[in-house]
Amino acid sequence: MRITSFNFFVFLFLSLVVFYIFPKKYRWFALLGISIFFFVFSSSWKLLLYMIFGIVVSYLGSNIIEKKCKNDKSKKIVLFLTLFLIVGELAILKYINIFPATINLFGSLFNLDIYFNTINLLAPLGISYYTLSLIGYVTDVYRTTSKAQTNILKHALFTCYYPLLISGPVVRYNYMQREFFEEKKLDFNNLFIGFTRLIYGLLKKLVIADQLSQVVNAVFSNYNYYTGWYLVVAVILYAIQIYADFSGCMDIVIGASKMYGVNLPENFNSPFFSKNLSEFWRRWHISLGTWGKDYIMYPLLKANIFQKIGKKCKKLFGKKIGKLIPTIISILLLWLFIGLWHGASYKYIFAAGILPWIYLTVGQIVEKPIEKLTEKLHIKTECFSFRLFQSLRTFFFMCVIWLFACSPSLRESIYIIKNIFVNASLLLRNELPVIPILPILFSVTIVFIVDYLNYKNIDVSLKFKEQNLIFKFIVLFAFIITILIYGAYGPGYNPTDFIYGGF
Amino acid sequence: MKEKFKKSMIPITKMIAFIIIFIFVFTYLTYLMKPDEVSLRNINGYYGEKKNSLDMVYIGGSACFVYWAPLQAFEDEGIASYSYGAYVVQAELYKYLIKEALKTQDPELIVIDARAFQYRENRLPEEVHYRNFLTGMSFSLNKLEFINENVEKNIGQETLPYIFDIIKYHRSFFSDNINPNALSMMFHTYKNPLKGFYFVPEVAMLEEYDNKTDEEKKIAKESEDILLDLLDYIKTTDSDYLFVVSPYQETKEQRMQFNYIEDIITEAGYNFVDANLYYDEMNLDFEGDLYNFNHVNIYGAEKYTSFISDYIKENYDLPDRRDDSNYKEWYDLLDNWHEQVDMTKKTIDDKKKELLNE
């Protein structure tokens, strides 16, 4: 069930009715039933078994760690066993093809007569997201920062809460426990704020992302024909598309969840206003970034082996560089994980893993010299023009990443980069799909304004709620009419899945 | 307690207001995007007719709206009628079109174009055939019933874009022109100035086929079932019915099928007229009165309308509305009608001359 489909809105409405009919104390149980229904309706009963496996393993693991294990060693063994089973399931379902792909790649590079067929295994909806949440939960129980849930049904809700299955965010148990299990009253404010957010998400997804995707797909599927500026413009449009798509999806799920009275954590915070790349990643897919730091990077830095490397490097290269090397290695491992999480292909490992790592490492190394150079050249840094330069610079570097990410493969992205410099004319070609430019510009402007206000720490939804009813109605209906008229849905459009839904 | 109840009613009232506006927007906004063409004007324009003002409704496809000229029938015989037709009618639509027609009018006579019962063998229904009618119909249980019973079964498509046709038409908003009659169509106040007729300023030089035969040939089983179902349905209504086949280049084989259809209809107690047996009585000229093998132009339409009007006057008791003060506005439409008739005839004459010179 697509969350932009008519069926979803019927489902949402009926599920809200069911949810609020339930006694307050048991509304979490209604959410569990609603989520299972959504899962089965969107995929199948068979795939539910995979999810049940994850739920049972993490439930048993966390409870054994908390209640049965007497010492740290036994806790560690149970933790690793639990993580091995949870990660193993994800690896088998989503990453098994990386092995034949690697062998085939080497085969083609060295002209060897070997070829392995890839295996198509169906993975349950949201496995990439709920697996991370489960890893975090079991680890938190091990670290005693979280209590193990003794009710398996409550634990199941944490895993399969349907708004989280589409594209995350990756959530923490301690946070979600409060949201799920506190008594939920029927609050019209929640309904209004949630609905508004949902409509705003639809505007981003259907009017901006899906309309732009027609042009982006047309250009990238024919990059030998659309060369030069076409490719540059298509990458910029892809940047807008991917942001509207992913953040639009977050708006829809956060909005839908809010209508049940469950607040989900934000996954975006005006990323295009970032001054540099490290700030960008603090504002883009926030939940994945913080999860990676908490459960990969920091544990690695604290690990014995990294401590030893640090000490050795300090001896060899001095205190400053010696301290930097273990950090750079742990960041590399973190980004390799993030790249791999995006998909079992070298394209993602490079575009979403190695390239960001290179950016950040080079950024760390050249940060101080550039600061000194800026001071020497008397460049003003506290003014609009410099801030604009910083944002555009960040955007440019991200566009390079997205160019790799939206290309069909790593090899083809090299051709695309070559073709950018071939025939750089900007003659408009009629073959490009017709898209409603003015409504898209209108919607992009709205998103820009909302993001700017968010960047300035102004709670837009709260401000909006405080306005007069007529103003609220006018704005809401302006959005709804724009979506109904200019949204990419219905016959003549290929309904596109959320980009991050595929990761 | 009262205060608490009052407080809880405020958001509920707001929600209800929102839902009402939303339903209105969702249902009616689509009129801005529907393509402005004859099918929409004819089907939607029917709602704009004054309630219970029509004595006759002619239902069919193009074999209805390029043939039956309601304003000529009014001027010559005082018949208050409407051509309730759109392109390529499918027989299964008839029952629903009659139901729709009877919602706002109480006609004494409903004329049904019988050509649709003979189509099925060569032409299966397509999306556009249903859309031609459904696009102009207002949202109703009748429309829903047709969609649910036919769309998936006959054309294998999802029903939702038919129920809420904004899903289909929203795309045309930025590629085509906005329908200038959108607002009046939205509120069912659009009045079709030709009462459903459509001018085609074309001419074709054709020859008459020998179509005379008493033999019969079965029609497709599906068509027969639809016809029988329709006959059962119309018995439940108060109107009288006449089934007609308008003149075209009818073949012997087609005539054989119409003989078969005629038997079923007359057996059910309704009149059946195949105008293709009366070319001489109509004075139909195959070298000037048709614009293609299947349709007449205004010259042929005038002759056909006169012929059927005479038949109706003889066989049915329809009132003469020419002196009725309630029908004054019909006279207002006649100037435009004559102007368009003359213009179309002039274009046809010029084209005919060109064809003859070739």
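In this text, all values refer to a predicted model and were calculated from it rather than measured experimentally.

Chemist: How would you summarise the environment of Asp-214 of chain B if you had to cite specific residues and measurements?
Modeler: Residue placement: Asp-214 of chain B occurs in the loop between α11 (182-186) and α12 (221-234). Along the sequence, Asp-214 of chain B and Asn-259 of chain B sit 45 residues apart, while their C-alpha atoms lie 7.0 Å from each other.

Chemist: Before we move on, can you summarise the packing of helix α10 (residues 188-220) of chain A against helix α11 (residues 229-259) of chain A with the specific residues and values?
Modeler: Helix-helix packing: each pair is described by the crossing angle between the helix axes and the interaxial distance. All names here are of chain A. Taken N-terminus to C-terminus, the directions of α10 and α11 make an angle of 155°; their axes are 6 Å apart at the nearest point. As judged from the angle between their axes, α10 and α11 are roughly antiparallel. Here the hand of the crossing between α10 and α11 comes out left-handed. In terms of residue class, the contact of α10 with α11 is built from 25 nonpolar, eight polar and six charged.

Chemist: Now, about the interface of chain B and chain A: what can you tell me, with residues and values included?
Modeler: With 18 residues of chain B in contact, the opposing surface of chain A contributes 16 residues. Elements that contribute at least two residues to the side of chain B that touches chain A include exactly α1 (2-28), α9 (160-163) and α10 (166-169) of chain B. Here the element with the most residues in the side of chain B that touches chain A is α1 of chain B; it accounts for seven residues. Here the residues of the side of chain B that touches chain A are counted per class, giving 13 nonpolar, two polar and three charged.

Chemist: Could you give an account of unusual backbone geometry, with specific residues and numbers?
Modeler: Of note, the bond from Gly-168 of chain A into Pro-169 of chain A is cis; its omega dihedral lies within 30 degrees of zero at 5°. Positionally, Pro-169 of chain A belongs in the loop between α8 (162-167) and α9 (173-181). Its identity is not glycine, yet Val-88 of chain B carries a phi of approximately 50°, on the positive side. Here Val-88 of chain B lies in the loop between β2 (81-85) and α5 (94-104).

Chemist: Can you break down the domain arrangement of chain A residue by residue, with the values?
Modeler: All names here are of chain A. Domain assignment breaks chain A into domain 1 (6-186), domain 2 (187-268 + 410-503) and domain 3 (272-379). Here the C-alpha centroids of domain 1 and domain 2 sit 28 Å apart. Of the residues that constitute the side of domain 1 that touches domain 2, the class distribution is eleven nonpolar, three polar and three charged.

Chemist: Explain the environment of Ile-52 of chain A to me, using residue names and the numbers behind them.
Modeler: Residue and element names in this part refer to chain A. Topologically, Ile-52 is positioned in helix α3 (residues 45-68). We classify Ile-52 as partly exposed; it has 14 C-beta atoms within 10 Å. Separated by 236 residues in the primary sequence, Ile-52 and Leu-288 have C-alpha atoms spaced 23 Å apart.

Cut-offs and rules
- Residues numbered from 1 in each chain as written.
- Chains lettered and ligands numbered in written order.
- Predicted model: local features only at pLDDT ≥ 70, side-chain atom pairs only at ≥ 80, totals over all residues.
- Helix = DSSP H or I, 4+ residues; strand = E, 2+ residues; numbered from the N terminus.
- Axes fitted to C-alpha atoms, helices over the stretch in contact; angles between N-to-C directions.
- Parallel < 35°, antiparallel > 145°, perpendicular 65-115°, else oblique.
- Left-handed = near helix turned anticlockwise from the far one by under 90°.
- Nonpolar A, V, L, I, M, F, W, Y, C, P; charged D, E, K, R; others polar.
- Contact = placed C-beta atoms within 7 Å.
- Domains from an automatic or database assignment.
- Buried ≥ 20, exposed ≤ 12 C-beta atoms within 10 Å, placed from the backbone.

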